[in-house]
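Now for the letters of each chain:
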Amino acid sequence: MPEQSPSTKRDVWITGIGLVSSLGEGPQAHWQALAAGTAPVTDAERFAPYVVHPLVKVNYDSQIPKKGDQRQMEPWQRIGTYAAGLALDSAGIAKNADILGETDMIVAAGGGERDFQVDAAILNDMLVSNDTGRLLNERLLSDLRPTLSLAQLSNLLAGNISIVHGVTGSSRTFMGEESAGVDATRIAFSRIAARQSEIALVGGAYNAEREDMLLLYALNDFCMKNGFRPIFGTDGAPGIPSGSMGAFLVLESPEHATARGAKPLAKLSGVWSERAQRNVDGSVAEKVTALLAKAGTTPGTAVFSGATGGRGATEAEAEALRASALPVRSIANRIGHGFEAQFAAGLALAALAVSEGTLFPALPGDTLENGNGAVSRVIVTAVGHWRGEGAGLVERVD
Amino acid sequence: MAQAYTDKFGRPIVVVTGIGIVTSLGQGKADNWRRLTAGESGIHTITRFPLEGMRTTIAGTVDFLFDGRVPAPDLSQRLATLAAEEAIAEAGIGTKGNFPGPLFAAVPPVELEWPEKRALAEVVPHKPLVYHDLLDAAETGKFSAWHERFLFGSVADRLADHFGTQGQPISLSTACASGGTAIQLGVEAIRRGECDVALSLGTDGSVHPEALIRFSLLSALTTANDKPGEAARPFAKNRDGFVMAEGAAALVLESLEHATARGAKILGVLEGCGEMSDNFHRTRSSPDGKPIIGCMMNALKDAGITPGDVDYINAHGTSTPENDRMEYVGMKAVFGEEALAGIPISSNKSMIGHTLTAAGAIEAAVSLLTIANGRIPPTINYNIPDPAIPLDVVPNVARDARVNRVISNSFGFGGQNVCLVLTGEPA
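Starting afresh in each chain, residues are numbered from 1 along the sequence in its written order. By the order in which they are written, chains take letters starting at A while ligands take numbers starting at 1. With the structure being a predicted model, the display of local features is reserved for residues of pLDDT at least 70 and the display and counting of side-chain atom pairs for 80 or more, all residues being used for whole-chain, interface and lining totals. Only hydrogens and water are set aside when side-chain values are computed; all heavy atoms of the structure are taken into account.

Some points on the overall build of chain A
The condition that has to hold: Here a helix means four or more residues in a row that DSSP labels H or I, a strand means two or more in a row labelled E, and each is numbered from the N terminus. Radius of gyration here uses only the C-alpha atoms, and the compact-globule reference equals 2.2 Å multiplied by the residue count raised to the power 0.38. When accessible area is computed with a 1.4 Å probe and restricted to protein chains, residues below 20% of their type maximum are described as buried, those above 50% as exposed, and intermediate ones as partly exposed. By the convention used here, residues are in contact when the closest approach between their heavy atoms is within 4.5 Å.
Assigned secondary structure in chain A consists of 15 helices and 13 strands. Its C-alpha atoms give chain A a radius of gyration of 21 Å, within 12% of the compact-globule value 21 Å for 398 residues. Over its C-alpha atoms, taken along the principal directions, chain A stretches across nearly 70 × 55 × 40 Å. Among the 398 residues that make up chain A, the fraction classed as buried is 67%. Once local pairs closer than 6 in sequence are excluded, the contacts in chain A between residues at least 24 apart make up 80%.

In structure tokens form, the structure reads like this:
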């Protein structure tokens, strides 16, 4: 049905969560680890000196039964397709063709990934060739897997979710690092609130265990190196501890959920996306302060910060969060930073916290993490490592 | 009076007040329109990089903007800039560096290209190198500008800076349907009342060796290299693959109320958008055509019209055997065999090739020009009709016709389909 007049906004519920990260798989595993104050799971050896949060061991067969499908995906797509399946399961709509056929999907995606052996071999040959043009053409034609480009295309995570899980209402892919995650959620949220959509699958995935992405961020010295350090530590921003993760949410109108007997895990009460002029001093802190004000800071509110650990933005966000005096937890201190996937992961953790009604323990050594006790509202921030400031508000449903 | 500004569903009517186009045929809509209606092809032998060993050596590259090779995001950004400048100038909206609405940018995915990787490799002191050595090269800090340049959000971000669009720009990809999605996002935002104005664009400047080879490996490209201008043959029996191409188009979208209030000239109406994704295969359409049919039906429903209200179809028409056949199957189901025979259908890709991420935006722009000029651009290279897909493709020569309503189809790898409904005057 064409949507109605936009004048009447309505609530948006979170009715499904799919989450897999270095801490585990599924909401319960995550909550247990968080509540126990488990130390972040990191690996500083495999890609030394870079620190990554490796994905927990996953049985992909349980969500992607066909090996042929798995072979058509690079790991970031596999992680995302897996997490999307968990979200559909959690919402109780997996394999429900009628609902999946009307489910709108927005995926926040990067792309890639490279075949590292092939790239290195070609480069070695190029450096000693006197006909590099021909060499490159011939080697790429013979060495690239024909299906590689599909496994690399940004929109093919969404494509794979359609193929494997049957989500076909609509399919959009947003790119653009952290803000892709914010805007994917914002658009899905806004469409449901404005009655342009009834149910949506939104989220993303990131594979941190790949040298091509480390290379991209190492170009401008953004990576965390030489061992894990807290995001808001004592020596300024520690660098980005990238983390493998897949995070998807099912967002739904109360009418649609109620009609099928589904209960809300939490309410998504707002998503905001901003763009500071980063070359202006103080602009990022100002935007974060404004976002907190927009979301509201009534008692029972905490902040789950999506701060990346990257220099500049991390210190600026810290300044605004410290000034707010709200209880703060850093998402990257638990599961690392997942760029496009980070915001959905943060919202998922926020939904868990408000439904449990309590904060998990602070990370020792982090100077900003503070406060304890009951929580009914969580503001999730997403300040991009280079651009884009966003936030979402998750509230408890009683 | 408020009634006049809303459609039959009570939503704000969304109009177009500015159009900009760049393709291999030229810069600006005047040039493009003249050459499209003259049936000219912009496809040529590639000169940008060595072709030895390539199966396909032709493309619709845009070669008049830079002298030498530049990274794909530089070209995509330049193409989008030119298209958006033209659209904004025509709309006469905002002030220099301050566009009063958000940016929805269909941009191609990016990554470090071979010349950049090679430059990194050259500073690695030992040989042979392994991939990890490139990270050490990155740590020298000599290449720091490439970080931003090769982020996925880079092109849209710089466009947002240049044009002063509001808020964080959205970079999106639905493969070959991306341009259509960018327009749809703008339409939805205006209908929600989030903004009065939006800048929607699609751009693609990514013909480089690996991109060409990747499509070659999927057997998606024609290898009819000898006569480049005759290689793209949508709907013809001898079609054998698409031609990669570059270009951009931008539309200034605006609520009718806002456009009227400022006395803007209205170039057309975005009456409806439809989408439906395909879960059959990564590169092939569902054999029953259900998602293509559903996508067109959803667009008609969103516009509140019936198939009988459509005067012309701006086809996806890529010139691959599979796409054109499935598009026919879909159209036949939506319109019925008899009615379909009476509707002119043409593919701009016969002349400008497949501009991939930009195609949906370029073809929406051309659809609006078709309505405004009462002239339908032809499908060129249509010399051998395919009896299995009988269509009036406006073969080879442009045709004068009164066209009030167009649907423009875009179908992407990965099963992402978008259909737009465009009309001339507000109802």
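Past the structure itself, the notes keep going.
A few points about the overall build of chain B
Test applied: Note on areas: Shrake-Rupley with a 1.4 Å probe; residue coverage comes only from the protein chains shown. For this count, His and the chain ends are skipped, Lys and Arg are scored as positive, and Asp and Glu as negative. Working definition for charges: the position is that of NZ of Lys, CZ of Arg, CG of Asp or CD of Glu.
Scanning chain B from N- to C-terminus turns up 14 helices and 15 strands. Computed over its C-alpha atoms, the radius of gyration of chain B comes to 21 Å, within 12% of the 22 Å expected for a compact globule of 427 residues. Taken along its principal axes, the extent of the C-alpha atoms in chain B is 70 × 50 × 40 Å. Out of the 427 residues belonging to chain B, those deemed buried represent 66%. Residue pairs in contact within chain B that sit at least 24 positions apart in sequence constitute 77% of those at least 6 positions apart. Of the roughly 13600 Å² that chain B leaves accessible, carbon and sulfur atoms contribute 51%. Of the side-chain charges in chain B, 36 are positive and 48 negative, and the distance between the mean point of each set is 2 Å.

Observations concerning the nonpolar core
Side chains of nonpolar character tend, in soluble globular proteins, to be buried together. As a reminder of what qualifies: Only buried residues count toward a nonpolar core, which is a set of Ala, Val, Leu, Ile, Met, Phe, Trp, Tyr and Cys residues joined through side-chain atoms within 4.5 Å. An automatic or database domain assignment is the source of the domain bounds shown.
Counting 160 residues, the largest nonpolar core has F304(A), L251(B) and L270(B) as its most contacted members. Top element by residues in this core is helix α15 (residues 342-356) of chain A. It accounts for eleven residues. No fewer than three residues from each of domain 1 (2-111 + 150-423) and domain 2 (114-149) of chain B sit in this core. With sequence-adjacent residues up to four places away left out, F304(A) is seen in contact with R329(A), I331(A), G346(A), L349(A), A350(A), A353(A), L359(A), F360(A), V378(A), I379(A), V380(A) and T381(A). Formed by 31 residues, the second largest nonpolar core is a distinct cluster that contains I64(A), I79(A), L100(A) and V164(A).

Thoughts on the packing of helix α1 (residues 29-37) of chain B against helix α14 (residues 359-373) of chain B
Packed helix pairs are characterised by how far apart their axes lie and by the angle those axes make with each other. All names here are of chain B. Applied cut-off: Axis lines are fitted to C-alpha atoms, over the contacting stretch for helices. Their N-to-C directions set the angle, which ranges from 0 to 180 degrees. Just so you know how the angles are binned, under 35 degrees is roughly parallel, over 145 roughly antiparallel, 65 to 115 roughly perpendicular, and the rest oblique.
Between α1 and α14, the least distance of the axes is 11 Å, while the angle of their chain directions is 75 degrees. Regarding the angle of α1 to α14, the classification is roughly perpendicular. Judged by residue contacts, K29, W33 and L36 of α1 engage V366, L369, T370 and N373 from α14.

A word on the domain arrangement of chain B
Residues and elements named next belong to chain B. Stated precisely, the cut-off is as follows: The term buried area means the drop in 1.4 Å probe accessible area that two parts suffer when joined, counted for both and summed. The salt bridge criterion pairs a side-chain nitrogen of Lys or Arg with a carboxyl oxygen of Asp or Glu, the two atoms within 4 Å. Polar contact is the term for a pair of N or O atoms within 3.5 Å; when the atoms are in protein, one must be able to donate a hydrogen and the other to accept it, and sequence-neighboring residues count only if both atoms are side-chain atoms. Gly is put with the polar residues, along with every residue not named as nonpolar or charged; the nonpolar set is Ala, Val, Leu, Ile, Met, Phe, Trp, Tyr, Cys and Pro, and the charged set is Asp, Glu, Lys and Arg.
On domain assignment, one finds that chain B holds domain 1 (2-111 + 150-423) and domain 2 (114-149). Using only C-alpha atoms to locate each centre, domain 1 and domain 2 end up separated by 37 Å. Of the residues lining the interface, eleven residues belong to domain 1; the matching set on domain 2 comes to seven residues. Across the interface of domain 1 and domain 2, roughly 860 Å² is buried in total on both sides, 41% from carbon and sulfur atoms. Among the residues domain 1 hides against domain 2, the three largest losses belong to R69, F150 and L151. Together they make up 55% of the total. The tally of links between domain 1 and domain 2 comes to three salt bridges. Of the charged contacts in the structure, one is a salt bridge between R158 and E148, with a shortest N-O distance of 3.9 Å. Joining domain 1 to domain 2, the criterion identifies eleven residue pairs in polar contact (both at pLDDT 80 or more). If you list the elements that add at least two residues to the side of domain 1 that touches domain 2, you get α2 (72-91) and α6 (154-163). Among the residues making up the side of domain 1 that touches domain 2, the classes are represented as five nonpolar, two polar and four charged.

A look at the packing of aromatic side chains
Residues and elements named next belong to chain A. The condition that has to hold: Only Phe, Tyr and Trp rings are paired, with Trp represented by its six-membered ring, and only when their centres lie within 6.5 Å; those with planes under 30 degrees apart are stacked, over 60 edge-to-face, the remainder tilted.
The final tally for this structure, using the stated rule, is nine aromatic pairs over all chains. Aromatic side chains W31 and F360 sit 6.0 Å apart centroid to centroid with 75 degrees between the ring planes, which places their arrangement in the edge-to-face category. A residue pair is termed long-range when its members are at least 10 positions apart, and W31 in helix α1 (residues 26-35) and F360 in the loop between α15 and β12 (377-383) qualify at 329 residues. Assigned by exposure class, W31 and F360 land together as buried. Plain terms: the ring middles of Y60 and Y82 are 5.6 Å apart, the flat faces sit at 80 degrees to each other, and that makes the pair edge-to-face. Placement of the pair is Y60 in the loop between β3 (52-53) and α2 (67-71) and Y82 in helix α3 (residues 75-91), with a sequence separation of 22 residues.

Section: the packing of helix α7 (residues 178-191) of chain B against α14(B)
Residues and elements named next belong to chain B. Closest axis-to-axis distance for the α7/α14 pair is 4 Å, and the angle between their directions is 70 degrees. When the axis of α7 is compared with that of α14, the two are roughly perpendicular. Note on element contacts: α14 touches α7 through G360, A361 and A364, opposite G179, G180 and I183. Here the contact of α7 with α14 is composed, by residue class, of three nonpolar, three polar and no charged.

Some points on the pairing of strand β4 (residues 104-108) of chain A
Residue and element names in this part refer to chain A. Keep this limit in mind: Here the rule is simple: two strands pair whenever DSSP picks up at least two bridges between them.
Among the five residues that make up β4, five are buried, leaving the element largely enclosed by the rest of the structure. In β4, alternate side chains face the same way, and those of D104, I106 and A108 on one face and M105 and V107 on the other are all buried. Inspection of the sheet shows β4 paired to strand β6 (residues 199-206) by five bridges, in the parallel sense. Pairing of A108 across the sheet is with G204, part of β6. Both β4 and strand β5 (residues 170-175) contribute to a ladder of five bridges, which runs parallel. What sits directly across from M105, in β5, is S171.

Here's the deal with the interface of chain A and chain B
How big an interface is tends to be stated in terms of the accessible area lost upon association of its parts. Taken together, the contacts link 89 residues of chain A with 80 residues of chain B. Taken together, both faces of the contact between chain A and chain B bury some 7400 Å²; the carbon and sulfur share is 61%. Per-residue buried area on chain A facing chain B is highest for L141(A), M175(A) and L219(A); these three make up 10% of the total on that side. On inspection of chain A and its partner chain B, the count reaches twelve salt bridges. Note that R172(A) is salt-bridged to E188(B), the shortest N-O span being 2.7 Å.

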